[in-house]
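Below are the chains, spelled out letter by letter.
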Amino acid sequence: MKSTTLERLKDLMEDPDEYDEDFIQPTSIAYELACDFVRAAEPAGIHPAAPATIGSGDIFLQWGRCDDDRYVRVCIQANGHPDIYVVDHDTRYMIDYPTVDDLEKELKWLMHSD
């Protein structure tokens, strides 16, 4: 079964008319790394991520819980530098240059935390 998150990432890249010199399409480096993270770390059963771009070539992926304010966000800069941001109520922290294992651990926490 194909990941809905991967389909959403692909949609970010498919329509070049949505981008111009002021609102830059995500870079291929950011896109490929985002896909690699999703393929390797997104567990079955989690609500798909909401990918987005802010027009600087970066990609943001966010997984959240509908029942509270916890989320895991991956920010992949245009140059391929990833960061993971984890928010749990009043606690926030960042993982700089995360691995797939880091993301997998945080997504499992998100799914199973109370």
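In what follows, the structure referred to is the one given above.
Please read these numbers as outputs of a predicted model, since none were measured by experiment.

Undergrad: Where do I start with the overall build of the protein in this structure?
TA: Along the backbone of the protein there are three helices and five strands. For the protein, the sequential pattern of α-helices and β-strands runs α-α-β-β-β-β-β-α. Taking 13 Å as the expected radius of gyration for a compact globule of 114 residues, we find that the protein reaches 14 Å, a close match to that expectation. Overall, the C-alpha framework of the protein stretches about 45 × 30 × 25 Å when taken along its three principal axes. Residues classed as buried in the protein amount to 42% of the 114 residues present. Put simply, 48% of the contacts in the protein that link residues at least 6 apart link residues at least 24 apart. Accessible area for the protein stands at about 6,600 Å²; split by element, carbon and sulfur atoms hold 50% of it. The average position of the 10 basic charges and that of the 25 acidic charges among the side chains of the protein differ by 7 Å.

Undergrad: Sorry, what's going on with the packing of aromatic side chains here?
TA: The description of two aromatic rings rests on the distance between their centres and on the angle between their planes. Per the stated rule, a full pass over the model turns up one aromatic pair. Plain terms: the ring middles of Tyr19 and Phe23 are 5.7 Å apart, the flat faces sit at 5 degrees to each other, and that makes the pair stacked. A relative accessible area of 11% places Tyr19 in the buried class.

Undergrad: Help me understand the nonpolar core in this model?
TA: Generally speaking, soluble globular proteins have nonpolar side chains that are buried together. Counting 26 residues, the largest nonpolar core has Leu9, Leu61, Trp63 and Leu103 as its most contacted members. The set of elements that each furnish at least two residues to this core consists of α1 (4-14), α2 (28-41), β2 (59-64), β3 (71-76), β4 (82-88) and α3 (100-112). If you tally residues by element for this core, the top one is α2, at seven residues. Leu61 has contacts with Thr5, Leu9, Ala34, Val38, Ala49, Ala50, Pro51, Val72, Arg73 and Val74, leaving out every residue within four places of it along the chain.

Thresholds applied
Residues numbered from 1 in each chain as written. Predicted model: local features only at pLDDT ≥ 70, side-chain atom pairs only at ≥ 80, totals over all residues. Heavy atoms only, no water. Helix = DSSP H or I, 4+ residues; strand = E, 2+ residues; numbered from the N terminus. Rg over C-alpha atoms; globule rule 2.2 N^0.38 Å. Buried < 20%, exposed > 50% of the residue type's maximum accessible area, 1.4 Å probe, protein only. Contact = heavy atoms within 4.5 Å. Areas by Shrake-Rupley, 256 points an atom, 1.4 Å probe, with all protein chains shown as cover. Lys, Arg positive; Asp, Glu negative; His and termini not counted. Charge placed at Lys NZ, Arg CZ, Asp CG, Glu CD. Phe/Tyr/Trp six-rings, centres within 6.5 Å; stacked < 30°, edge-to-face > 60°. Core = buried A, V, L, I, M, F, W, Y, C linked by side-chain atoms within 4.5 Å.

Keep in mind these numbers describe shape, not what the thing actually does.
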